[in-house]
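Coordinates in review
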Amino acid sequence: MSIQSVAGRPRVPWRTAQKWKGASFTFPFIAGFALFTLVPVFLGLSETFYTTKSAGGLGLGGEEVVSFTGLAQIFTAAQDPTFWAGMGRVFGFGLVVVPLVQGIALVMALLLDALRRKVVGRFRLALLLPYMIPGMIATMIWLYLYSPAVGPLTAALDSIGLHVDFFSSGMVWVSMGNLVVWNTIGFNMLILYGSLQSVPGEIFDAARMDGAGDLRIAWSIKVPFVRASLVLTMLLSIIGTVQLFAEPTLFRTVAPETITRDFTPAMYIYDQAFMVGNINYATALSIVLALVVGVVSAVVYRATNKADEA
Amino acid sequence: MSTMTQSTDADGAAPVEAVTGPPVRPRRPARRRREEVEAAAASRGVNRWFVLAALFAFVLYSVGPVWWLIVAATKTKQQLYRTNGLWFADLNLVENLQALFTYQDAIYPRWLANTALYGLASSVGLTLVSLAAGYGLARYSYRGKGLTMGFVIGSFLIPGVLLTIPSYLLYVRLGIFDTVWAMIIPGFFSAFSVYLAKVYAQGAVPAELMEAARLDGAGEYRIFFQIGMRLLSTAGATIFLLHFVGTWNAFMGPLVFLRTAEKWPVMVGLYSWLQRGTDSQYDLTGLVITGALVASIPMVLLMISMQRYWKSGVTLGSLK
Amino acid sequence: MRTTRRYVSAVALMAVGAMALTACGSTPDPGSDDGSPDPAAGPVTIDVWGWNAETGKQVAEAFNAAQDDITVNYVLAASNTATQTNFQNLMASGDEAVPCLVQGFAGLTSMVANGWAADVTEYIDKHPDTWSDGAKAAAEVNGAYYGVPSGVDAQFALVNQPALNKIGAEAPATWEDVLALAPKLKKEGIDTLNLPGEDPSGFINLAQQAGAEWFAIDGDQWKIDLLDESTLQAADFYQQLIDGDYVSNETYQDRPALYNYFDSGKLAIVPLAWWSMAGYETNFSESLGDWHAIMNPSFAANPDAGVPGRNNPSFVPAGCEHPEAAVEFSAWMATPEGIEAGRDSETGAVGFPAQIPDASDYVDEIVPKDLTDQSPDEVGKIVVDSQAAAIGKFEMGPNADAWFPELQDQWGKAVAGKQTLEQALTNVQDFITKDLDSKGIAYTIG
């Protein structure tokens, strides 16, 4: 369907013009993203190529000797046992928490979708409330709820014969896991629910007329339809879990004999950057972390997107 | 009726049904169809109780803990730690609210206003930029698209802590450090929102619709603004709301990029009050709790007012 | 810590966007170069950074009104950590507009190690009687004043009188007395002390009181010894308490539970500093009137060692053009006029001047009325005497930020019974030496 040039003067074929116009939709984002994200990232990452030492002696006075060490920091980081121990912990944590969060969010989104329009709004608001509560307040709330001395959960479980101490070393993973789940299911639910709205309603009528029950419809029609969103939320969940920082930092104060300063990779990076003061090494660690997460994300993406037309 | 008429009727009706689903069954087994529909409705009735019960359980889990916050906001300082956290003691809510709005020269309302400004301005910009970018990524193919996607996903992977100093330097060089622009402009660009928009656009904006519009003579930009954005209303609402909530609750960024206390958003302000208690004789936890409760009200109101954007399946009516 | 050289070169590598590469230049201050304010040039303006939201600004304004040579601009930060982040960023950017006084957000030696603190000895020496010995000691590093004396939080103790009455004992005067009381208290179901697993600062205080010196300066190198006799004496004291299960482990994170527990009468001794009393009075109900304030117990062998007390003093950043103005302002804040300017309009109370030699005029404001079984005057005297006897200085070395989290972890394990305190100290010392090695700082052990 290309339009022939009328006057013989070469014109840009309209397909190319269309492609440029299509690309132009992304230009504002790319420009801003390059400036506000890529520039700091490249500047920040350059730290990994150097090693900083004090000028010697007492180390007072701030004199530094900065030497270019190329990829040495990254190699050291890639072999750091503390880092990999932390990595193992967050992976194990993620294997449980990510499916849990995604599963619950999906179920909530499906349940919401099964409701009549009129009541959906209220339920949706209620389910999103934990996400609206800021992190430091959520911490206060759950510290209270978990408290063995004054909180209601321990008392309630006691009354049915279970003796649980949410602050004990044994329960730390469960306590953190619950905190992560509570904080994130609303957010994930909203994204999945939004995706469910684009499912054409007529397909349901047709399926019902074929005799399909609600569960069958949910499983065979709705879930595949939201697969792209589910992959997105799952990737974000994985990335967030591997970068676990706030929850273990909080629980370090109540279970310090278990949760140490470098318990998760993110805590290790923070500690190296701001406590030990070794930004070069911290940057190297975060590059290794980003690579690991990138590989995992790519594997997950490939595995779930075999039939995706992109 | 003669077979000819029936088939004509069936044929006459076919084009509409062909687009929306399998053809309507012949009217002969009408009674059976109504029974089927009623049976389906009955089974849906049973399921509806199950759905409500399950949802109610989830709501309890989500909202229950917030109850503590509501109760705590009504307590006096003395009773905050001494009384049962899940039930009221002496009601002190009015005094708490008064203290909240007058403490430190009435800076709290200022913080709320700042946060509203940052949230609204950056979310509007973000929604526009992200919908456009997502739409472009989803509906057009061009070289460099894969690279864009790679960068987008890659940006999720860098822990923010390491970007503090480089970002700070950038903002200083750009002249936006310690200004309201530091909170608004960078907020326009979120790789996550773009990817979300892309995912939604792939589902909600069919290529056929765009072709039909092009045949009608519309230019690409017009298609986006008049058709694409309406179809992407759910995506837009989701992106807007999530970003607004994120901005409302953000405090790491503002902590680094805003120095003046009068420019802080509400969470930085509350965080500063919370930190007072740990190393000084002032314990402002009560103010923080009341402040957090009050601060969540605008978000709730926003969500309620945006209900209408979560529509479903608007696509199909537009096709002929 | 970071210099601007690296960033400029990295930016040159990145040909992205229109990044202006003009350095942030600032015109030199018209003040004279020898540092003293030139009256002909008008008042000198200095920025002061802090996180005192209640009275920071009003004190600065009062100072500005009280004299004409210096104008103080108080910049309020969100918190301790926020000040640190902000300051670190400022130093990294090489901006020449540096504040002249910054509230102490971290250990002073760290400030000196990063090259952030200026030597202000000549200005401090102009005010020999303004500050207490403890406050001044806390502001010294390597014999010079790199900090501006900002106070010291002297430790004293509250004992639960009914608890002592149950075992017919008197308030302990020495730590040995405390150890003797412990088993008897345990028989009554009462804990002697609370050792929070996440906070080793009580232990550091005891080591300070015992005379420990973890970091000493020996010419051009550090002498490190976390296992000297004094420290081991302090460690032994705690170890006996831990081994005998005479202690509780309530964490400060779970505040309602902590207050509840303190209030229950099941804890005999609570060490504290002047600023904790208000919180205890607000949050206790059952035990109000049961507490009895005493001076901090001492070790029998060394009764005149002084009282534990440490502080992170404010400092004058290197690059400030008017260090003498900053010190003048601090000195003014320690005068009666300055203290009065800090009267909180909401509570009506004046900020307790923890940095002056004799705080007896101001102690009434902070002594609670119902907490103890003594008269406010008696409690006030204990506070004032403690402040005057505070040791103030405990050298934490150039890498304190690096090893303190390690001490937290090791202490947590020791308190939980997973290792001995001596083992914990050995581990921390190993960490310190490795860290100093990687930083290229010279040291010897012992």
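1. Remarks on the sheet that holds strand E13 (residues 269–272) of chain C
All names here are of chain C. Pairing is antiparallel across the open sheet formed by 3 strands, whose spatial order is E13-E8-E14. Both outer strands of the open sheet, E13 and strand E14 (291–295), are each paired with one neighbouring strand and no more. Direction aside, neighbouring strands of the sheet carry axes that sit 30 degrees apart on average. Sheet topology note: the strand E8 (residues 156–160)/E14 ladder contains 5 bridges and is antiparallel. Across the sheet, Phe156 pairs through a bridge with Met295, a residue of E14.

2. Focus on the sheet that holds strand E10 (residues 215–218) of chain C
Residues and elements named next belong to chain C. With mixed pairing, the 3 strands of this open sheet are ordered in space as E10-E11-E17. Of all the strands in the sheet, just E10 and strand E17 (443–445) have a single pairing partner and so form its edges. Neighbouring strand axes in the sheet, compared pairwise and without regard to direction, differ in orientation by 30 degrees on average. Pairing of strand E11 (residues 221–224) with E17, which is carried by 3 bridges, proceeds in the parallel orientation. Residue Trp222 lies in a different strand from E17, and its bridge partner there is Tyr443. Along the sheet, helix H17 (residues 421–439) contacts E10, E11 and E17; its crossing angle with E17, the most-contacted strand, is approximately 155 degrees.

3. With respect to the domain arrangement of chain A
Residues and elements named next belong to chain A. Segmenting chain A into domains produces domain 1 (2–71) and domain 2 (80–309). Computed from C-alpha atoms alone, the centre-to-centre distance between domain 1 and domain 2 is 31 Å. Listed as interface residues are 7 residues of domain 1 and, on the opposing side, 5 residues of domain 2. Across the domain 1/domain 2 interface, buried area totals approximately 460 Å², and carbon plus sulfur atoms make up 56% of it. Counting across the domain 1 and domain 2 interface gives 0 salt bridges. Our count for the contact surface shared by domain 1 and domain 2 stands at 3 residue pairs in polar contact (both at pLDDT 80 or more).

4. Describing the interface of chain C and chain A
Every contact between the two is made by 50 residues of chain C and, on the other side, 42 residues of chain A. Where chain C abuts chain A, roughly 3700 Å² becomes buried across the two surfaces, and 58% of that area is made up of carbon and sulfur atoms. Here chain C is connected to chain A by 2 salt bridges. Salt-bridge contacts for A:Arg252 lead to C:Asp409; the nearest nitrogen and oxygen are separated by 2.9 Å. Run the count over chain C and chain A and you get 17 residue pairs in polar contact (both at pLDDT 80 or more). Breaking the side of chain C that touches chain A down by element, the ones donating at least two residues are helix H1 (4–13), helix H4 (108–113), E11, helix H11 (255–263), helix H16 (400–415) and H17 of chain C. The greatest single-element share of the side of chain C that touches chain A, amounting to 8 residues, is contributed by H16(C).

5. A closer look at the domain arrangement of chain C
Residue and element names in this part refer to chain C. When cut into domains, chain C gives domain 1 (10–151 + 311–357) and domain 2 (156–309 + 366–445). Centre-to-centre, using C-alpha coordinates, domain 1 lies 31 Å away from domain 2. The interface is formed by 15 residues belonging to domain 1 together with 16 residues belonging to domain 2. Of the roughly 1200 Å² buried between domain 1 and domain 2 on both sides combined, carbon and sulfur atoms contribute 56%. Summed over the shared surface of domain 1 and domain 2, the result is 3 residue pairs in polar contact (both at pLDDT 80 or more). Those elements that place two or more of their residues in the side of domain 1 that touches domain 2 are H4, helix H6 (133–138) and strand E4 (140–141). Here the side of domain 1 that touches domain 2 is built from residues that sort into 8 nonpolar, 6 polar and 1 charged.

6. Comments concerning the nonpolar core
Core analysis: the biggest nonpolar cluster contains 280 residues, and B:Tyr108 and B:Trp273 have the highest contact counts within it. With 54 residues, the next largest nonpolar core counts C:Leu164, C:Ile204, C:Ala235 and C:Trp411 among its residues.

7. Overview of the interface of chain A and chain B
Of the residues lining the interface, 93 residues belong to chain A; the matching set on chain B comes to 94 residues. Between chain A and chain B the total buried area reaches about 8400 Å² when both faces are included, carbon and sulfur atoms providing 78% of it. The largest contributions to the chain A side of the interface with chain B come from A:Phe25, A:Phe29 and A:Phe36, which together make up 10% of the buried area. Applying the counting criterion to the chain A and chain B interface returns 0 salt bridges. Across the chain A-chain B interface, the total number found is 8 residue pairs in polar contact (both at pLDDT 80 or more). Ranked by the residues each element gives to the side of chain A that touches chain B, the list is headed by helix H2 (residues 27–45) of chain A, at 14 residues. For the side of chain A that touches chain B, the class distribution of residues is 65 nonpolar, 18 polar and 10 charged.

8. Things to note about empty space enclosed by the protein
Overall, the coordinates contain 7 cavities of 30 Å³ or more when judged by the stated rule. Approximately 100 Å³ is the volume found for the second largest cavity. If you list the elements that add at least two residues to the lining of the second largest cavity, you get helix H14 (279–304) of chain A together with helix H6 (164–174) of chain B. Take the lining of the second largest cavity: its biggest share by element is 3 residues, from H6(B). Here the residues of the lining of the second largest cavity sort into 7 nonpolar, 3 polar and 1 charged.

The rules behind these values
- Residues numbered from 1 in each chain as written.
- Chains lettered and ligands numbered in written order.
- Predicted model: local features only at pLDDT ≥ 70, side-chain atom pairs only at ≥ 80, totals over all residues.
- Heavy atoms only, no water.
- Pairing = 2+ DSSP bridges.
- Helix = DSSP H or I, 4+ residues; strand = E, 2+ residues; numbered from the N terminus.
- Axes fitted to C-alpha atoms, helices over the stretch in contact; angles between N-to-C directions.
- Contact = heavy atoms within 4.5 Å.
- Domains from an automatic or database assignment.
- Buried area = accessible area lost by both parts, 1.4 Å probe.
- Salt bridge = Lys/Arg side-chain N within 4 Å of Asp/Glu carboxyl O.
- Polar contact = N/O pair within 3.5 Å; in protein donor to acceptor, adjacent residues only side chain to side chain.
- Nonpolar A, V, L, I, M, F, W, Y, C, P; charged D, E, K, R; others polar.
- Core = buried A, V, L, I, M, F, W, Y, C linked by side-chain atoms within 4.5 Å.
- Buried < 20%, exposed > 50% of the residue type's maximum accessible area, 1.4 Å probe, protein only.
- 1 Å grid on protein atoms, 1.4 Å probe; cavity = no way out; pocket = protein on both sides within 12 Å on 5 of 7 lines; lining within 4 Å.
- Points joined across faces, edges and corners; volume = space filled by probe spheres on them.

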